[in-house]
Amino acid sequence: MTDDHWHAPLRHIKGGSLSGDTGQTSGMRRLEAISGKTVGSSKVWMGETHVAPATNSGDHHHGEAETAIYVKSGHPVFVFADGDEEIRLETGPGDYVFVPPFVPHREENPGEEPAVVIIARSSQEGIVVNLPSLWPDQGQERS
């Protein structure tokens, strides 16, 4: 990488060359496209997540990173806790979801087709903290 910002190269990542070598959560598959590891980014991580039909991911959060999600296909449901209640955001293609830092959540795919979402995070790494629950104080494992 060069310090000459006027002459730094653009990077092209082909859709078929995304890497699965990033933090993972049960029930879903994350693929990394743009990161500090793949292109030398310093402020952004971008990739996609696939959730098979009739599958739920494990509960997790993304540390200090803000996460923006664009629903490419399927009808994923994003679940988070509000007090003692689970809140469910039912989405479809073309929808966007914002996940604030440290908010435990999970993705569910109750449909009959795979759900694919495009993800952008305010970090150069794919931070994933897997949790046993949406509620705090029940332990956590960072991957």
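Because the structure is predicted, anything quoted here is derived from the model rather than measured.

Engineer: Go over the sheet that holds strand E1 (residues 29-34), please, and point to the residues and values.
Structural biologist: Taken in spatial order, the five strands line up as E1-E2-E10-E5-E8 in an open sheet, and their pairing is antiparallel. The strands lining the two open edges of the sheet, one partner per strand, are E1 and strand E8 (96-99). When the angles between neighbouring strand axes are averaged without regard to direction, this sheet yields 25°. Looking at chain direction, strand E5 (residues 67-73) and E8 are connected through four bridges and run antiparallel. Bridging from a neighbouring strand, Thr67 pairs with Val99 of E8.

Engineer: Quick rundown of the pattern of salt bridges? Include the residues and the values.
Structural biologist: When their charged atoms lie close together, side chains carrying opposite charge are able to pair. As enumerated under the stated definition, the model contains six salt bridges in all. Between Lys37 and Asp21 there is a salt bridge, and its shortest N-O distance comes to 3.7 Å. Placement of the pair is Lys37 in helix H1 (residues 36-39) and Asp21 in the segment before E1, with a sequence separation of 16 residues. Residue class for Lys37 comes out exposed when judged on its relative accessible area of 55%. Residue class for Asp21 comes out exposed when judged on its relative accessible area of 53%. Put simply, Arg106 and Glu108 hold a salt bridge, and the shortest N to O gap is 2.8 Å. A cluster of three or more residues bridged by salt bridges with shared partners is formed by Asp59, Glu86, Arg88, Arg106 and Glu108.

Calculation notes
Residues numbered from 1 in each chain as written. Predicted model: local features only at pLDDT ≥ 70, side-chain atom pairs only at ≥ 80, totals over all residues. Heavy atoms only, no water. Pairing = 2+ DSSP bridges. Helix = DSSP H or I, 4+ residues; strand = E, 2+ residues; numbered from the N terminus. Axes fitted to C-alpha atoms, helices over the stretch in contact; angles between N-to-C directions. Salt bridge = Lys/Arg side-chain N within 4 Å of Asp/Glu carboxyl O. Buried < 20%, exposed > 50% of the residue type's maximum accessible area, 1.4 Å probe, protein only.

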